[in-house]
Amino acid sequence: MSDLLNGLNEAQRLAAETTEGPVMVMAGAGSGKTRVLTYRIAHLINDLGVMPYNILAVTFTNKAANEMKERISKLVDADIQRMWVATFHSICCRILRRDISHLEGFKSSFTILDEEDSVKEIKETIKEMGLSTDEYKPKNVKCEISSFKNDMKSKFDDTTTEQIYFAYERRLKEENLLDFDDLILKTIELFEAFPDVLHKYQDIFTYLMIDEFQDTNTYQYKLVKMLGEKTRNIFIVGDQDQSIYSFRGARIENINKFQRDFKDTKVIMLEQNYRSTQNILDIANRVIDNNGSRFKKNLFTDSKDGIKPIFNKLNNAYGEACYVSDEIKRLMEMGYSYKDFAVIYRSNYISRNFEDVLLRQGIPYTIYGGLSFFARKEVKDILAYIRLIIDYDDSFSFKRIVNEPKRKIGPALIKRLEDCARENNCSLFKAIDLIDRGGQGYNSLLDFKFTIIELEEYLSSEEHKMNEIVDFIINRTGYKAMLKAEGDEGEERLKNVEELTTVLIETDEMYEGTRKEKLMQMLQEIALRTDADTKREGDDVVKLMTYHQAKGLEYKVVFLVAFEEGVFPSSMASFSERDIEEERRICYVGITRARERLYITCASERMVFGRTNSMFESRFLKEIGKESLEDKTVIPKKVFAQSNTKKPFVPGKASDVVETKRTNTTDISIGDKVNHKAFGDGTVVAVNGDVITVAFGEAFGVKKLLANHPSIRRL
DNA sequence: TCTCCATGAGTTTTT
DNA sequence: CTCATGGAGA
């Protein structure tokens, strides 16, 4: 046996070497579980001669999958391209592409709907049924259906919603579409209806490995069980304390269920942490200890105590962002680089102040979340063009772009087409030839048809390079002209469209076959690509992200911001102990992202819904214990002590008004001359609480600033 | 059919 | 506050 596994500690090594039978690894944060997984796979291939394609490794994100593949490829000589390392959704997608045609009425060329698309389909379904979209809000219905499909609900609340569900399912089938949830469900359906197909995959995947097992839902677990039942070589890795996806149907209980279903499961604990300092681990342990229903486990480390985590409470959200930005600058001078920092928050809207301030301070950053590249309207439009060009019968794509740019082909005409298509059991594209001639927009429709045919000829002829395709499409269809006419915003969107060219060039190199075949493969996989997968890790920039996005990542310096009741724990989760326990796990995940320095900040007041609210410190601060934090707050301590003893924020309470006034003290008044580090000298033109408005003259104009911000002094 | 304005609704987390 | 949607008018 090689010395491949020498770099592992005893528990890790045991986990990597126990290759046969069911194994469960309880891996605390930072205990090297990814390391164990990669070395285990390398061990299977290198030392035991297992073929890479007999290994199935399920990760939580595509990004994690790619990273793992890369790390494995450095450890083994064998070609691992054919090894299955992917998310549940990607794996199911691949299985369905091969075998879904066994199921009556399904075709392997299905298109995967993203969130937006499926809400759109539901909306049309509701309208078609003659129901009101006010009463049955498409978003809510989608949520209901998704809950049902993820076993979070065993039946629908009312029969109408159930009817919508049935109609939606029928509609998807007719249009050859699957939503995200279907990827898992249809695979199970396929395996149940066709045991032969299941056996085929059972024979292929002789070693199963599931990462982040605590976040699997009922059906994902079922899938694991089905696939692994035969060989029973199932290796699951998880941490009950990091289960943060119950809103999506994840079940921590699957950990226990696994042990019941596979009685001879070997359990291995990884408790040594290699990431954080003792001080950071201490507060992580203290917080999570408040969760009653947990199997006790304590992380320890050999590393030093390190720097005491820092707490700071600022007057408002703007001040909080300024503090974080100042600390980043200060630490940069001590030798850190931008990529060492992460700002982590509970929900996306919190990021705004940080974006503003970082931008103004010239600190480079990227935001995770928001609209992903492939979810952008313009990108989806062009992809829809390509889809339609390759497959005229793709009516879903047809509808998306038939009037984009505007061609005077409105809802009335579409309705005519749809009716005709249904009557003749054909696609919308074919229906163009069958509807009655004439009428509003009929000629535009013919034009559109010829444009698509022309584009198809262009695309088929292999003489044109892949990188010319997008350009040709946007020129020929008038899409480019449309964007050009939109001004600055259009310019931005044009850039996104042009970025697609890069994707096509990648496509050209990545896949085999004719141009069309390559494009088809790209289109089939694109729905599962998320922004995080595309983001370049290596960039030397500060990262802004949610706790959920931060899972599995680590940074030298971590700022956990907006530690306020109602934000974190989220106001949506303050009702049951169950919810609070999940918020606490989120907190635990956040703390354990930090390697060297941890900052926790909050603000006394914050704008929510355009209103300024007084905020109260998160209960998690108390659980962490203020004594284990170095308090940098500059507001008088007694103000704090009071706010600590008060009940959480309730809108309209008199005491809150008093609280707000107290923090509004500033000794700067209208007419004062002030100096700002970056903007130079200016005159105060307005004072509103602790926010002052200063006119700085032509170069910088009028700015709203925090009066007691360190970068401002009165002259 | 398109454009513009008003109104209202909503920010928890995502494959 | 900000975005999306829908209605009215051109």
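Residues numbered from 1 in each chain as written. Chains lettered and ligands numbered in written order. Predicted model: local features only at pLDDT ≥ 70, side-chain atom pairs only at ≥ 80, totals over all residues. Heavy atoms only, no water.

(A) Seen up close, a negative patch on the surface. A contiguous patch of negative charge on the surface is contributed by E468, D471, D488, E489, E491, E492 and E498. At the level of secondary structure, the elements contributing two or more residues to the negative patch comprise α20 (466-476) and α22 (488-510). Counting residues per element, the negative patch draws most heavily on α22, at 5 residues. Among the structural elements, E468 can be located in helix α20. Given a relative accessible area of 35%, E468 falls into the partly exposed group. (Patch = residues over 30% accessible without salt bridge, like charges linked within 9 Å, V, L, I, M, F, W, Y side chains within 5 Å. Areas by Shrake-Rupley, 256 points an atom, 1.4 Å probe, with all protein chains shown as cover. Salt bridge = Lys/Arg side-chain N within 4 Å of Asp/Glu carboxyl O. Lys, Arg positive; Asp, Glu negative; His and termini not counted. Charge placed at Lys NZ, Arg CZ, Asp CG, Glu CD. Helix = DSSP H or I, 4+ residues; strand = E, 2+ residues; numbered from the N terminus. Buried < 20%, exposed > 50% of the residue type's maximum accessible area, 1.4 Å probe, protein only.)

(B) Examining helix α11 (residues 254-261) more closely. Of the positions making up α11, those classed as buried are N254, I255 and F258. Relative to the axis of α11, the buried residues are bounded by an arc of 110° and lie together on one face. Against β1 (23-27), α10 (218-228) and β7 (234-238) lie the buried residues of α11. (Arc of directions from axis to C-beta. Contact = heavy atoms within 4.5 Å.)

(C) Focus on the sheet that holds strand β8 (residues 266-270). As summarised here, the arrangement of the 6 strands in space is β3-β2-β6-β7-β1-β8, forming an open sheet in which the pairing is parallel. Among the strands making up the open sheet, the edge pair consists of β3 (84-87) and β8. Within this sheet the neighbouring strands show an average axis-to-axis angle of 15°, counted without direction. As judged from the 4 bridges shared by strand β2 (residues 55-59) and strand β6 (residues 207-210), these two strands associate in the parallel manner. Following the sheet pairing, V58 is matched in β6 by I210. Relative to β3, helix α4 (residues 88-99) is tilted by about 115°, and along the sheet it contacts β2, β3 and β6. (Pairing = 2+ DSSP bridges. Axes fitted to C-alpha atoms, helices over the stretch in contact; angles between N-to-C directions.)

(D) Spotlight on unusual backbone geometry. Residue P405 follows E404 across a cis peptide bond; omega there is 0°. Examined against the element boundaries, P405 turns out to sit in the loop between α16 (395-401) and α17 (411-424). Positioned with a positive phi, N176 is a non-glycine residue whose angle comes to about 65°. Along the polypeptide, N176 turns up in the loop between α7 (159-174) and β5 (177-178). By relative accessible area, which is 15% here, N176 ends up buried. A positive phi angle, close to 50°, is found at E212, a residue other than glycine. Mapped onto the elements of the fold, E212 is located in the loop between β6 and α10. When its relative accessible area of 9% is taken as the criterion, E212 is described as buried.

(E) Main features of the environment of D391. In this structure, D391 sits in the loop between α15 (377-390) and α16. Taking relative accessible area as the criterion, D391 reaches 34% and is therefore assigned partly exposed. For the pair D391 and A562, spaced 171 residues apart in sequence, the C-alpha separation works out to 49 Å.

(F) Layout of the pairing of strand β13 (residues 555-560). Across the 6 residues of β13, 5 count as buried, placing the element largely inside the fold. Note: strand β10 (residues 341-345) against β13, 4 bridges, orientation parallel. Its bridge partner being in β13, F341 is matched across the sheet by V557. In this sheet, strand β14 (residues 594-608) lies alongside β13 in parallel orientation, the contact comprising 5 bridges. Bridge pairing in β14 places Y555 opposite A594.

(G) Geometry of the pattern of salt bridges. Within this structure, the stated rule accounts for 52 salt bridges. Between K230 and D203 there is a salt bridge whose closest N-O contact spans 2.7 Å. Taken as a pair, K230 in the loop between α10 and β7 and D203 in helix α9 (residues 195-204) lie far apart in primary sequence, 27 residues in all. According to the relative accessible area criterion, K230 is partly exposed, its value standing at 48%. Salt bridges sharing common partners tie together E121, E124, E128, R171, E175, K399, E418 and R422.

(H) Spotlight on the protein's contact with DNA strand B. Close to DNA strand B lie 24 residues; H89, R346, N348, Y349 and F609 are nearest. Protein-proximal atoms of DNA strand B, defined as those within 4 Å of the protein, fall in sugar or phosphate at a share of 48%. Within the side chain of H89, a nitrogen or oxygen atom sits 2.8 Å from a base oxygen of DNA strand B. T546 places a polar side-chain atom, nitrogen or oxygen, 3.3 Å from a phosphate oxygen of DNA strand B. For the surface near DNA strand B, the secondary-structure elements that each account for two or more residues are α17 and α25 (547-550). Within the surface near DNA strand B, the residues separate by chemical class into 8 nonpolar, 11 polar and 5 charged. (Near = heavy atom within 4 Å. Polar contact = N/O pair within 3.5 Å; in protein donor to acceptor, adjacent residues only side chain to side chain. Nonpolar A, V, L, I, M, F, W, Y, C, P; charged D, E, K, R; others polar.)

(I) The arrangement of empty space enclosed by the protein in detail. Counting across every chain of the model gives 5 cavities of 30 Å³ or more. For the largest cavity, the calculated volume is near 90 Å³. Around the largest cavity, the lining comprises 12 residues; the ones closest to its centre are Y318, C322, Q361, H676 and L705. In the lining of the largest cavity, the residues fall into 7 nonpolar, 4 polar and 1 charged. Each pocket or cavity is described by its volume, and for the second largest cavity that value is around 60 Å³. Around the second largest cavity, the lining residues are L56, V58, F88, I91, L208, I210, L223, V224 and L227. Contributions of two or more residues to the lining of the second largest cavity are made by β2, α4, β6 and α10. Element by element, the count of residues in the lining of the second largest cavity is highest for α10, at 3 residues. (1 Å grid on protein atoms, 1.4 Å probe; cavity = no way out; pocket = protein on both sides within 12 Å on 5 of 7 lines; lining within 4 Å. Points joined across faces, edges and corners; volume = space filled by probe spheres on them.)

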